[in-house]
Amino acid sequence: MKLKYFLTSIICLFTLNSFAQTDLPTDYLSSDFHKERREALRASMPENSVAVFFANPVRNRANDVDYVYHQDPNFYYLTGYNEPNTMLLIFSDDQTEGETMYNEIIYVRKRHPLYEQWTGRRLGVEGVTKMGFEQVFNGEDFEDSSIDFSTFDKVLFKDFKNDVRDSKRDRADLYNLIEQFKVKANYMASESNIPVGDNVVDVSTNIDVTSLRTLMANLREIKTQDELVLLKKAVEISAVGQIEIMKAMHPNMSEAEIQGVHEFVYKKYGAEYEGYPSIVGVGNNGCILHYTENTKMNAGKEMILMDLGAEYHGYTADVTRTIPANGKFNTEQRAIYDLVYAAQEVGIAETVVGSDMSKVDKVGRDIINQGLIDLGIIETADEGRKYFPHGTSHHIGLDVHDLSNRGELKENMVITVEPGIYIPEGSDCDEKWWGIAVRIEDDILVTASGPINLSEMAPRHADEIEAMMKEASILNAFHLPTLD
Ligand code: GLY
Ligand code: MN
Ligand code: MN
């Protein structure tokens, strides 16, 4: 070995070791959990099939800055591996190559001392082997692999979205893995499958880009006990965020400041991210269902709709509270609030084994429609959708709108119950209702003995909210200097 190369290797090893992680959270999902999930998927796959999963793409924010990386939830569920530019193959049946028998292969990101110094640690083949995989290769090895996709009755994967960048410096990035897979599996992206004149594209008939979603939804829509521990934690953290803001709220608070208090609470409890961009809408802004600008300066006397969820070790909550900035609902605010509350109460009661999300929606929607008629805001129930334009429920989990097959509710499913009424300025009703927006959203665990409201800790009834808003907050003593 040349001396220069030898010295470089020593320096690299030294550098890598100096990055070793200590003092980490101890409550991540275990390798056994992910392995067992792969077994469960394998058991549900058609005979002689292979399922192919790719990591999420890296997304560019601007120039040379990328968004914080987030793994594809299916990939995370099956592996626990959080790095980009990786690929997983799960075989329904044992494969043999020489003496070796295997039923899964993972292609991982190769270790690279220089990149690791700049952009973070990589587990590499050795690290991923410790996660319970036996067939672990660097991504660059996929091109030369002898996998013959034509021998399978089904090649299952999720179709590609054409939003993956090719890094010219990396011949094993996601772009290359996908391109090599397409060639090996004789697959053209769906939009290029259209025959043009004589130029008919020959596509393998064993390609299946639809079934994997159903198989994964079957698994992911029912939470295991390990998942419930993390999901409950995410929800409780989010509920504490709502409580702290109720105590700290004052009319001069800005939407951004309110968002900051929630997100500070999340970090304090170790939640890595928000499960979706935080929604903090004062007054009329609350009528934009997924309002994320959060730029209004003073809450004043209006209500604030706060829809935020902590993401804890991958699992995201989705909790909404709507509160009056000055601590007291006025007559119109209270009327609309109580109506949404009544709809939510019946919706939660309907969140039971054997029911389904459309029934949960219907019971609450009927109450809202009748209530809006009684208040003179609409004349017939058909008009209700104008002011309650979204569904009541979705599953939560690794995605805020989690995978589901939308069938009967079963034990250990977790869904939101989130009715709302939104009356934008200029609506076709008395002006006194304009700018009122209320959503109340809780995360409900379906159990054999009835619904359990995981976000119950955050006050929900209007009287409870007003009482909580009277409590002192330590944030009131948090004075910062005025800047020019
Ligand atoms: N936070 C998005 C939703 O409630 O569906
Ligand atoms: Mn929701
Ligand atoms: Mn929400």
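Note that the structure is a prediction, hence the values are computed from the model and not measured.

**Digging into the coordination of the manganese ion (ligand 3)**
Reasoning step 1: Protein coordination of the manganese ion (ligand 3) is provided by D307 (OD), D307 (OD), D318 (OD) and E441 (OE), with donor distances spanning 2.0 to 2.3 Å.
Reasoning step 2: Taken together, the six donor atoms coordinating the manganese ion (ligand 3) span angles of 58 to 171 degrees at the metal, a pattern that classifies the geometry as irregular.
Reasoning step 3: Within one chain, the residues donating to the manganese ion (ligand 3) are spaced in sequence as D-x10-D-x122-E.
Reasoning step 4: Between the two metal centres, the manganese ion (ligand 3) and the manganese ion (ligand 2), the spacing is 3.3 Å, with D318 acting as a shared donor. Of this pair, D307 sits in strand β11 (residues 303-308) while D318 sits in the loop between β13 (315-316) and β14 (319-324), and the two are eleven residues apart along the sequence.
Reasoning step 5: On the basis of relative accessible area, D307 is assigned to the buried category, the value being 4%.

**Quick notes on the site of ligand 1**
Reasoning step 1: Taken together, Y276, H290, D307, D318, H394, H401, E418 and E441 make up all the residues around ligand 1.
Reasoning step 2: D307 places a polar side-chain atom, nitrogen or oxygen, 3.1 Å from a nitrogen atom of ligand 1.
Reasoning step 3: Contacts to ligand 1 include H401, whose side-chain N or O atom sits 2.7 Å from an oxygen atom.
Reasoning step 4: Alone, ligand 1 offers 200 Å² of accessible surface; in the complex the protein occludes 92% of this.
Reasoning step 5: Of the residues belonging to the shell around ligand 1, the class tally is one nonpolar, three polar and four charged.

**Description of the coordination of the manganese ion (ligand 2)**
Reasoning step 1: Within the protein, the atoms that donate to the manganese ion (ligand 2) are D318 (OD), H394 (NE2), E418 (OE) and E441 (OE), at distances of 2.0 to 2.1 Å.
Reasoning step 2: In this structure, the manganese ion (ligand 2) is coordinated by six donor atoms arranged in irregular fashion, with angles at the metal of 50 to 157 degrees.
Reasoning step 3: Look at where the donors of the manganese ion (ligand 2) fall in the sequence and you get D-x75-H-x23-E-x22-E.

**Here we look at the nonpolar core**
Reasoning step 1: Ranked by internal contacts, the top residues of the largest apolar core, which has 86 residues, are L41, F53 and I304.
Reasoning step 2: In terms of residue count, the dominant contributor to this core is helix α8 (residues 225-248) (ten residues).
Reasoning step 3: In contact with I304, not counting residues within four places along its chain, are M249, I258, V280, G281, V282, A299, R321, T322, I323 and A325.
Reasoning step 4: Ranked by size, the runner-up nonpolar core spans 23 residues in total, among them L89, F91, Y102 and I105.

**Side note on the sheet that holds strand β10 (residues 279-282)**
Reasoning step 1: Pairing is antiparallel across the open sheet formed by three strands, whose spatial order is β10-β11-β14. Of all the strands in the sheet, the pair left with one neighbour each is β10 and β14. Across the sheet, the axes of successive neighbouring strands diverge by a mean angle of 10 degrees, strand direction being ignored.
Reasoning step 2: In this structure, β10 lies alongside β11, joined through four bridges in antiparallel fashion. Paired with V280 across the strands is M306, a residue of β11.

**Some thoughts on the sheet that holds strand β12 (residues 310-312)**
Reasoning step 1: In space, the three strands of this open sheet follow the order β9-β12-β13, with antiparallel pairing throughout. Here the strands that pair on one side only, and so sit at the sheet edges, are β9 (273-274) and β13.
Reasoning step 2: Taken together, the two bridges between β9 and β12 define a ladder with antiparallel strand orientation. By the bridge assignment, Y273 is partnered in β12 with E311.

**Re the confidence of the model for the protein**
Reasoning step 1: Here the protein averages 93 in pLDDT, and 93% of its residues register 70 or above.
Reasoning step 2: Within the protein, no element has a lower average pLDDT than helix α1 (residues 3-18), which sits at 48, and none a higher one than strand β18 (residues 442-447), at 99.
Reasoning step 3: Segment residues 1-15: pLDDT under 50, and two contacts once partners within four positions in sequence are set aside and those in other chains are kept.
Reasoning step 4: Low pLDDT (under 50) marks residues 190-201, which in the prediction has nine contacts with non-local residues, meaning those over four places away or in another chain.

**Here we look at the packing of aromatic side chains**
Reasoning step 1: The tally for this structure, following the rule as stated, stands at 14 aromatic pairs.
Reasoning step 2: Ring geometry for F149 versus F181: centroids 5.2 Å apart, planes at 90 degrees, classification edge-to-face. Pair noted here: F149 is in the loop between β6 (136-138) and β7 (154-156) and F181 is in helix α6 (residues 174-184), with a separation of 32 residues, a long-range link. The residues F149 and F181 share a single accessibility class, namely buried.
Reasoning step 3: Among the aromatic residues, those joined into a cluster by ring pairs are F54, F149, F157, F160, F181 and Y187.
Reasoning step 4: Positioned over the ring face of F133 is R38, at 3.8 Å from the centre of the ring.
Reasoning step 5: In this structure, R365 packs its charged tip against the face of F388, placed 3.9 Å from the ring centre.

**Let's talk about the pattern of salt bridges**
Reasoning step 1: Taken as a whole and assessed by the stated rule, the structure comprises 27 salt bridges.
Reasoning step 2: With a closest N to O distance of 3.0 Å, R111 and E116 form a salt bridge.
Reasoning step 3: Looking at E116, the relative accessible area reads 3%, which means it is buried.
Reasoning step 4: One continuous salt-bridge network, built from bridges that share partners, spans R38, E39, R42 and E104.

**A short note on the state of the cysteines**
Chemically, a disulfide is nothing more than a covalent bond linking the sulfur atoms of two cysteines.
Reasoning step 1: Per the stated rule, a full pass over the model turns up zero disulfides.
Reasoning step 2: Considering cysteine sulfurs only, C287 is the nearest to C429, which forms no disulfide, with 10 Å between them.

**Let's talk about the packing of helix α10 (residues 331-349) against helix α11 (residues 357-374)**
Reasoning step 1: Running from amino to carboxyl end, α10 crosses α11 at an angle of 155 degrees, the nearest separation of the two axes being 8 Å. Comparing the axis directions of α10 and α11 gives the class roughly antiparallel. Remark: the crossing between α10 and α11 carries right-handed chirality. Contact residues: α10 offers L339, A342, A343, V346 and G347, while α11 offers V360, V363, G364, I367, I368, G371 and L372.

How each quantity is defined
- Residues numbered from 1 in each chain as written.
- Chains lettered and ligands numbered in written order.
- Predicted model: local features only at pLDDT ≥ 70, side-chain atom pairs only at ≥ 80, totals over all residues.
- Heavy atoms only, no water.
- Donors = N, O, S within 2.8 Å, 3.2 Å for Na, K, Ca; no water.
- Tetrahedral: all angles 85-135°; square planar, octahedral: opposite > 155°, others 65-115°.
- Helix = DSSP H or I, 4+ residues; strand = E, 2+ residues; numbered from the N terminus.
- Buried < 20%, exposed > 50% of the residue type's maximum accessible area, 1.4 Å probe, protein only.
- Near = heavy atom within 4 Å.
- Polar contact = N/O pair within 3.5 Å; in protein donor to acceptor, adjacent residues only side chain to side chain.
- Areas by Shrake-Rupley, 256 points an atom, 1.4 Å probe, with all protein chains shown as cover.
- Nonpolar A, V, L, I, M, F, W, Y, C, P; charged D, E, K, R; others polar.
- Core = buried A, V, L, I, M, F, W, Y, C linked by side-chain atoms within 4.5 Å.
- Contact = heavy atoms within 4.5 Å.
- Pairing = 2+ DSSP bridges.
- Axes fitted to C-alpha atoms, helices over the stretch in contact; angles between N-to-C directions.
- pLDDT = per-residue confidence, 0-100.
- Phe/Tyr/Trp six-rings, centres within 6.5 Å; stacked < 30°, edge-to-face > 60°.
- Lys NZ or Arg CZ within 6 Å of the ring centre and 35° of its normal.
- Salt bridge = Lys/Arg side-chain N within 4 Å of Asp/Glu carboxyl O.
- Disulfide = S-S within 2.5 Å.
- Parallel < 35°, antiparallel > 145°, perpendicular 65-115°, else oblique.
- Left-handed = near helix turned anticlockwise from the far one by under 90°.

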